[in-house]
Structures are given as C-alpha cells and as structure tokens.
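In case you want the letters, here they are:
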Amino acid sequence: MQTHAKQVVALINQLPKKDELKFLEKQPGNKKIISETNQAFISVINGLRSLIGDVQTNSTTIPFKQIEETLDSFLENAAIQYDKMNKLSFVPKQPQVQKTNQAKPKDIYGFANVIQLNKLPFIPILKYKHYAQTELDQKIIEAQNNPQQFFEKYVIDEFTHPYYEEIMRLIPQDFVLEVPTKINRYRDLEPPIMINNADHLGELILKIQYEVDQNGYSEIAVDLEHNHQISYLGITCLIQLSTRTQDYIIDPFPLWKQLGEMLSVVFTNPRIVKVFHGADNDVQWLQRDFGLYIVNLFDTFHASKELQLMQNSFQFLLSEYCKKSTDKTYQTADWTQRPLSDEMIKYAQIDTHYLLYIYDRMRQDLKKLNKPNENINNIPNYYIENVLKRSKDTALKIYKKPLQDQDQSLQTILNKQDRRMDTKSFDLMVKLLELREELGIQYDQNPRYFLPNPFLFKLVESKPTTIQELKSQLGGDKNIHEIVKENLWQFLKVLLEFDEKVPTVNIIQEEQINTTQIQIEEIQPSLQVEPLKIVQISVNIKKFQNKNKNVVIHHFRNENVEQIQSQFYCESPFKLLNVFYDGLGTQIFQSMKEQSQQQKQQIEEAQQQRIEKINTSDFIQLPKLDEKNIDQQKDLDIRLNNTLQNQHGTKILKRHQKIEQQKTQKSNISNRFEIQ
Ligand code: AMP
Ligand code: MN
Ligand code: ZN
C-alpha cells in the first residue's frame with residue numbers, strides 16, 4: 001500500500017508542470033496528444049469520484065487496490081507519453097549554425113595528436129597501472145604502438161577493462177560501511193581552488209595522499225562537465241573535486257597529456273572512496289580522454305535507487321538532504337569556453353560541494369533500511385553493499401566510440417520512437433547516416449548537431465531530386481549548417497542512387513570496373529595471363545549538347561515528358577545532370593539512352609570475349625584463392641580466441657560470425673518491414 005502510493009506520487013512528479021505543458025503544447029502534434037490525455041484523465045477522475053460516492057454509502061468495501069492500480073497504470077502511461085514528447089521537443093528545430101573554423105581546445109592546447117579521430121575501435125590510452133594486481137594487457141600496448149597494423153591482424157572491437165581484476169576483487173571497505181552516528185553538516189560555499197598546472201595538481205594529490213597516510217583512508221567527491229557539440233567524440237571540459245575541507249576545479253585542457261597519469265594515483269587507490277552522482281558517462285569520458293579508471297566508486301545515484309527515492313537526480317538529493325537548489329541552465333552551457341564565468345564556476349562547484357555530506361546521509365539511511373525481522377538481517381550492510389555492487393558495474397563500463405554500425409543505430413532510433421520504415425527507406429536512411437558520420441569524423445563535429453535526425457527522416461520521406469529541393473527540405477539556405485552546405489551534392493547523390501529508376505549507366509560502369517578487377521585479382525597471382533582490358537566510355541556532356549540539341553528539343557515539343565521518362569531507363573544520372581546544369585539533363589537524355597545501349601552492347605561483347613579467353617586456359621580448375629583465405633582467417637581467429645580466452649570482458653567477434661550476424665539481422669529487419 002505504502003510503496004504503491006509512493007510509486008503513484010513518483011509518477012505524478014514525472015508529469016509536466018503547467019509551464020512545461022504550455023511549452024510542449026506548442027510543439028507540432030503534441031496538442032492533440034495532450035488534449036486526449038486530458039480527456040482520459042478527466043474521465044478517470046470522474047469515475048473515481050462516482051466510485052467514492054458509492055463507497056461513502058457503503059464504506060466497508062473500499063476498493064483501494066483497484067483505485068490505485070487504475071491510477072498507477074494510467075499515470076505510468078501518461079508519464080511515458082510525456083517522456084516521448086519531451087524527447088521530441090529537445091531535438092533542435094533547426095541545426096545550430098556554428099562556425100566550423102572555431103578554434104578547438106585540442107588545437108589551442110596542442111593535444112590533437114592523442115585524439116583517436118578515426119574509424120578504428122577505441123584503444124585504451126593508459127600506459128601504466130597504479131595499485132595493480134594484474135599486468136596491463138599486452139594487446140593494449142601492441143595496439144597503442146601500431147593501431148593500423150594491430151586491427152589488420154586482429155578482429156577485436158573492444159579491449160579488456162584494464163582494472164577489471166582490481167575492481168572485482170575489492171571487498172567493501174570498513175571506512176565506507178561504518179557511518180559515524182553524528183554527521184558534520186556541509187560547509188558554506190566559498191570560492192574553489194582553481195587548478196590549471198601540473199604543480200598545483202601535484203600538490204592536491206599529495207594532500208589527499210597525506211590524509212590516507214594519516215587516517216588509513218580518504219574520501220573525495222568528483223564530477224565532470226563535458227561538451228559533445230564541437231567535436232566528433234566529445235570532450236571533457238572540467239573536473240570538479242571536493243574533499244571534506246576544500247573544493248577544487250581542475251581545468252583539464254592545459255594538463256591534458258599528464259592528467260591521467262597523475263590523477264590515477266588517486267582514482268585507482270582502493271583506500272580512497274570516489275563519490276560520484278550518476279557516473280555512467282563520467283566513467284567513460286575519463287577513460288576516453290585520460291585513460292582514468294575508478295577503483296572504489298560509490299555512486300549516489302545507485303544509493304537513491306536502493307533507497308527507492310521518488311527521484312534519482314542530483315537536484316532532488318540536493319533539495320532533500322541540503323534544502324538547496326541549483327540552476328539547470330548551466331548543464332548544457334558551452335563548457336569549452338575560457339575564461340569560465342563566475343556563475344559557471346559556482347554551478348560546477350555545487351555539483352561536488354555537497355556530495356560528501358549527501359554520501360554520509362545516504363549511508364545512514366541505507367543502514368536504517370536493515371530491519372530486524374528481515375531475512376537479510378544476517379548481512380548487516382546489505383543495502384550499502386548493494387550500492388557498492390551496482391557502483392562496480394558502473395566503474396566497469398567500457399568506452400566505445402559512437403556506433404559505427406548505422407544499421408543498428410537506426411534500428412535503435414526507430415525502436416525508441418516507436419517508428420517503422422519500409423526496407424528501401426531503411427537502406428536509404430542508413431546510407432545517409434553513414435555519410436553524415438563520415439562528415440562528422442572529417443570535420444570533427446557531432447553529426448547529430450550539424451544535421452539532426454529529424455532532417456534525415458524528412459529527406460527519406462520527401463526524396464528531393466535537385467539541390468534546390470534538398471535545400472528547402474533542410475530548412476532553407478540560411479538554416480543549413482556549413483558542413484552540410486559544403487556537401488549538399490553528396491547527400492543528393494545518395495538520394496538519387498535510391499531513386500525509383502535504376503541508374504543503369506552507373507551500374508554498367510561499376511560492373512565493368514568490377515569485372516576488370518576480379519580478373520586481375522584472380523588471374524595475376526597464379527597465372528601470368530594478361531588481364532583483359534575493357535574500354536571505359538565516359539559520357540561526354542559537351543558533345544551531346546552541341547550535337548543533339550536540335551533533335552532533343554524537337555522531341556520535347558512533340559512528346560509527353562512523362563512518357564519519355566517512363567521509357568528512359570537512365571533517369572537518375574539524367575536528373576543528376578539537371579542539378580549541375582539546369583535543363584541540360586533533359587536536353588541530352590535521349591542521347592544518353594543511345595549511348596548506354598551502345599555501351600551495354602560493347603560490354604556484352606567484351607564479356608563474351610572474356611568467357612572465351614578463360615575457357616581456353618586452365619584457370620577454372622585451380623582451387624579458389626579466397627576460400628583458402630577464409631580458412632586462414634578462421635585459424636587466426638581461433639588462435640587469438642585461445643590466447644584471450646581467460647580474460648574477462650574481452651569480446652572477440654570472429655569476422656565471419658559477425659558478417660553472419662549482420663546478415664540475419666538485416667533479413668530480420670526486411671522481414672519485419674515487408675509485411676503490411
Ligand atoms: P552533470 O553530471 O549533470 O554535471 O552533467 C555533466 C555533463 O553532461 C554536462 O556538462 C553536459 O555536457 C551533459 N548533460 C547533463 N545533463 C544534460 C542535459 N539535460 N542535456 C544535455 N546535456 C546534459
Ligand atoms: Mn555528472
Ligand atoms: Zn556536473
């Protein structure tokens with residue numbers, strides 16, 4: 001009953017407040033949902049009212065359970081709906097027009113060379129383990145020394161967590177389990193100590209170390225600020241650290257390359273508890289940017305879960321335990337800017353200033369949860385230990401680069417938004433996502449910011465075929481991000497490739513290249529047969545323009561455009577030409593048709609020749625080379641697997657397995673979408 005009511009209250013808290021509702025109502029499509037929800041809500045309330053009316057006359061049978069369950073499920077639904085609306089409204093209406101030439105911290109402070117801005121899997125960057133119980137994996141060192149070569153040799157997409165053993169073997173420490181009965185109140189806010197050079201950071205580390213030497217342990221609270229807009233991978237912008245007596249704000253930019261090595265003395269020391277709130281992201285950012293790992297983490301988010309608090313945000317804990325509030329607007333501020341304003345510094349400081357006090361209070365509350373009559377009574381610190389266990393899972397999180405597999409990433413987006421797509425649109429969307437991702441790496445910018453997903457969905461729906469149409473779909477010249485503007489034609493190319501009519505000329509040319517290549521590859525290593533040469537015929541626009549102008553214009557006057565187009569099996573390149581030279585494509589399509597027919601004929605002839613030539617040699621009888629390669633690959637994978645078998649957390653996906661997996665995934669997706 002109690003917990004039921006608690007849940008209902010928690011759900012009500014998730015629903016929009018009046019202002020939020022007003023804001024959400026302005027978003028397209030939301031008004032209808034909100035008014036429908038209102039209607040449903042009113043009818044539930046009315047139903048409950050009449051129920052209570054009945055109850056009063058016959059008060060022995062109050063169906064509390066029923067009432068609660070109805071309310072419960074209704075509110076849960078409403079909360080989910082609200083969440084969805086919220087997510088949609090957070091998507092920027094237009095991409096923010098940013099200057100791509102804005103100087104980045106990596107260039108200003110000279111650490112661009114350590115950022116893994118490439119398509120390879122992420123390689124842990126630590127070089128040395130403090131407080132180690134096992135050696136640093138040789139594979140990591142090998143990959144660090146020569147990334148390109150390493151990934152040509154092994155198919156690994158994730159390395160072992162370097163501190164897996166140290167984290168797993170750590171038993172709950174007395175100084176975490178034992179909570180003083182009298183807790184010192186938090187201190188008043190005073191300006192923090194700013195740290196932006198190695199000397200000062202060294203002093204801080206020695207200070208903490210000194211405390212460990214004196215008391216046998218130490219406690220610190222830590223939080224990070226981050227920017228995920230101005231770079232592809234994202235960047236840690238600030239590290240806030242509070243001890244029992246002082247707040248520190250570390251600027252990581254001028255310390256970038258030394259920071260990990262230095263702070264790991266504190267972060268991996270099991271005698272120092274690291275208190276974070278909601279460290280899931282922080283753990284990964286610390287790995288990515290500094291090679292830092294946390295041994296002995298206490299995450300107050302997990303404590304709030306274990307205590308079943310109504311909300312689990314830091315703001316909620318701050319108001320519950322400290323009766324303080326904090327301004328959320330800075331959460332999404334640009335933390336790369338320097339110097340930071342006093343307000344921003346104060347906001348950042350608050351995130352750790354109260355956290356050790358909250359940690360004390362929460363441990364107290366967790367102790368109180370152990371009631372004498374419960375089975376878990378024989379485990380005296382059951383709840384705190386649960387928090388530590390969950391915190392271990394968080395500390396064991398492994399950073400991975402943004403999803404390279406756009407198939408999978410699109411499926412996730414669709415699932416989240418409860419959206420469906422036919423197979424063809426799905427494939428087109430994947431191609432557009434892939435292009436966007438490549439540009440993200442090329443310009444070192446977050447793809448989701450310079451071209452938000454809703455715009456890509458819009459393109460898939462409207463399938464523009466000219467630059468003009470494309471621009472208008474993307475919100476007009478003024479609103480298009482520079483990066484997109486510079487690459488409009490690339491997007492258009494992808495769109496046109498997916499146009500209804502198959503671009504025959506392109507395909508023929510591709511086939512030509514492929515057949516030539518296959519021949520070279522197959523024949524050269526084993527037999528010294530000269531590869532067959534197939535002459536490539538490129539389309540000479542100028543020639544057509546001059547030669548056939550009259551013919552085409554004549555045709556146009558007399559025939560229905562659509563009829564011509566329906567006969568024409570080369571529509572896409574034709575449209576493509578129109579993009580670059582207005583009207584030129586329409587003028588020359590007839591000639592291109594002839595051209596492609598000629599081409600086709602020539603290829604057929606050439607293929608005939610090729611077949612004849614091969615038939616006269618012994619080539620076909622020889623074992624196929626690529627089959628042998630597969631075996632070699634398998635062999636390598638098995639050997640690799642055996643060597644790494646005993647290591648926890650290392651995922652080795654054999655290449656052929658992965659391909660198989662992707663194949664089945666793909667066919668599952670198509671199966672699902674083809675029905676309807
Ligand atoms: P916090 O732990 O709340 O200080 O957040 C750390 C970082 O996460 C911030 O600097 C932001 O980059 C990001 N962040 C937190 N909350 C949000 C949010 N609601 N929307 C976007 N980014 C956020
Ligand atoms: Mn945080
Ligand atoms: Zn923060």
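The rules we used
- Residues numbered from 1 in each chain as written.
- Chains lettered and ligands numbered in written order.
- Predicted model: local features only at pLDDT ≥ 70, side-chain atom pairs only at ≥ 80, totals over all residues.
- Heavy atoms only, no water.
- Near = heavy atom within 4 Å.
- Polar contact = N/O pair within 3.5 Å; in protein donor to acceptor, adjacent residues only side chain to side chain.
- Areas by Shrake-Rupley, 256 points an atom, 1.4 Å probe, with all protein chains shown as cover.
- Helix = DSSP H or I, 4+ residues; strand = E, 2+ residues; numbered from the N terminus.
- Nonpolar A, V, L, I, M, F, W, Y, C, P; charged D, E, K, R; others polar.
- Contact = heavy atoms within 4.5 Å.
- Phe/Tyr/Trp six-rings, centres within 6.5 Å; stacked < 30°, edge-to-face > 60°.
- Buried < 20%, exposed > 50% of the residue type's maximum accessible area, 1.4 Å probe, protein only.
- Lys NZ or Arg CZ within 6 Å of the ring centre and 35° of its normal.
- Pairing = 2+ DSSP bridges.
- Donors = N, O, S within 2.8 Å, 3.2 Å for Na, K, Ca; no water.
- Tetrahedral: all angles 85-135°; square planar, octahedral: opposite > 155°, others 65-115°.
- pLDDT = per-residue confidence, 0-100.
- Axes fitted to C-alpha atoms, helices over the stretch in contact; angles between N-to-C directions.

- Per an unreviewed UniProt entry, the recorded name for the chain is HRDC domain-containing protein, and the organism is Paramecium primaurelia.

**Details of the site of ligand 1**
And step 1. Taken together, Asp223, Leu224, Glu225, His226, His228, Trp285, Gln331, Thr332, Trp335 and Asp351 are the residues near ligand 1.
And step 2. A distance of 2.7 Å separates an oxygen atom of ligand 1 from a polar atom in the side chain of Glu225.
And step 3. One of the backbone N or O atoms of His226 is found 2.7 Å from an oxygen atom in ligand 1.
And step 4. Here ligand 1, which alone exposes 480 Å², has 66% of that area covered by the protein.
And step 5. Of all the elements, strand S3 (residues 218-227) adds the most residues to the shell around ligand 1, at 4 residues.
And step 6. A breakdown of the residues in the shell around ligand 1 according to their chemical character gives 3 nonpolar, 4 polar and 3 charged.

**Observations regarding the environment of Phe122**
And step 1. Structurally, the position occupied by Phe122 is in the loop between helix H5 (105-108) and helix H6 (138-145).
And step 2. Spatially, the C-alpha atoms of Phe122 and Ile398 are 9.8 Å apart, while their sequence positions differ by 276 residues.
And step 3. With residues near it in sequence (within four places) discarded, Phe122 still touches Gln116, Phe159, Gln287, Arg288, Tyr399 and Lys401.

**Some remarks on the packing of aromatic side chains**
And step 1. Under the criterion given, the structure shown has 18 aromatic pairs.
And step 2. Considering the side-chain rings of Tyr330 and Tyr347, the 5.8 Å spacing of their centres and the 45 degrees angle between planes classify their relative orientation as tilted. Residue Tyr330 is found in the loop between helix H14 (314-322) and helix H15 (342-353), and its partner Tyr347 is found in helix H15; the two are separated by 17 residues along the sequence.
And step 3. Classification of Tyr330 as partly exposed rests on a relative accessible area of 22%.
And step 4. What makes Tyr347 buried here is its relative accessible area of 3%.
And step 5. A network of ring pairs unites the aromatic residues Tyr109, Phe111, Phe253, Trp256 and Phe290 as a single cluster.
And step 6. Geometry around Tyr163 places Lys129 over its ring, the cationic atom sitting 5.1 Å from the centre.
And step 7. Positioned over the ring face of Tyr186 is Arg185, at 4.4 Å from the centre of the ring.

**Comments concerning the pairing of S3**
And step 1. Taken across its 10 residues, S3 has 10 buried, putting it largely inside the fold.
And step 2. Side chains of S3 alternate between two faces, with Ser218, Ile220, Val222, Leu224 and His226 and Glu219, Ala221, Asp223, Glu225 and Asn227 buried alike.
And step 3. Relative to strand S6 (residues 272-276), S3 runs parallel, the two sharing 4 bridges. Residue pairing in the sheet places Ala221 in a bridge with Val275 of S6.
And step 4. Relative to strand S4 (residues 235-242), S3 runs antiparallel, the two sharing 7 bridges. Each bridged residue has a counterpart across the sheet, and for His226 the counterpart in S4 is Thr236.

**Considering unusual backbone geometry**
And step 1. For the bond running from Arg338 to Pro339, omega is -5 degrees, close enough to zero to count as cis.
And step 2. Within the secondary structure, Pro339 sits in the loop between H14 and H15.
And step 3. In this structure, Asn296 takes a positive phi of about 75 degrees despite not being glycine.
And step 4. Here Asn296 is to be found in the loop between helix H12 (280-290) and strand S7 (297-299).
And step 5. With phi around 55 degrees, Lys323 is a residue other than glycine that occupies positive phi space.
And step 6. For Lys323, the position within the fold is in the loop between H14 and H15.

**Brief notes about the coordination of the zinc ion (ligand 3)**
And step 1. For the zinc ion (ligand 3), every protein donor is listed as Asp223 (OD), Glu225 (OE) and Asp351 (OD), and the spread of their distances is 1.9 to 2.0 Å.
And step 2. Of note is the zinc ion (ligand 3), whose 4 donor atoms meet at the metal with angles of 99 to 127 degrees in an arrangement that counts as tetrahedral.
And step 3. The sequence pattern formed by the donor residues of the zinc ion (ligand 3) is D-x1-E-x125-D.
And step 4. Between the zinc ion (ligand 3) and the manganese ion (ligand 2), a spacing of 4.3 Å is present, and a bridge between the two is formed by Asp223. Taken together, the residues Glu225 in strand S3 and Asp351 in helix H15 connect sequence positions 126 residues apart.

**A few points about the side chain of His481**
And step 1. Examined against the element boundaries, His481 turns out to sit in the loop between helix H22 (467-473) and helix H23 (482-486).
And step 2. One polar contact links the side chain of His481 to the main-chain amide nitrogen of Ile483, over a distance of 3.1 Å.

**Thoughts on the confidence of the model for the chain**
And step 1. Taken residue by residue, the chain gives an average pLDDT of 76. The fraction at 70 or more is 60%.
And step 2. Counting interchain partners and residues more than four positions distant, the pLDDT-below-50 stretch residues 514-577 has 94 contacts.
And step 3. Predicted confidence for residues 666-676 stays below pLDDT 50, and this span has 14 contacts to residues more than four positions away or in other chains.

**Overview of the sheet that holds S6**
And step 1. Reading across the sheet, the 6 strands line up as S2-S5-S4-S3-S6-S7 and stay open at both edges, with mixed pairing between neighbours. Every other strand in the sheet has two partners, leaving strand S2 (193-195) and S7 as the edge strands with one partner each. For this sheet, the mean angle separating the axes of adjacent strands, direction not counted, is 25 degrees.
And step 2. Relative to S7, S6 runs parallel, the two sharing 3 bridges. Its bridge partner lying in S7, Lys274 is registered against Leu297.
And step 3. Packed onto the sheet, helix H11 (residues 256-267) meets S3, S4, strand S5 (247-250) and S6 and runs at close to 35 degrees relative to S4.

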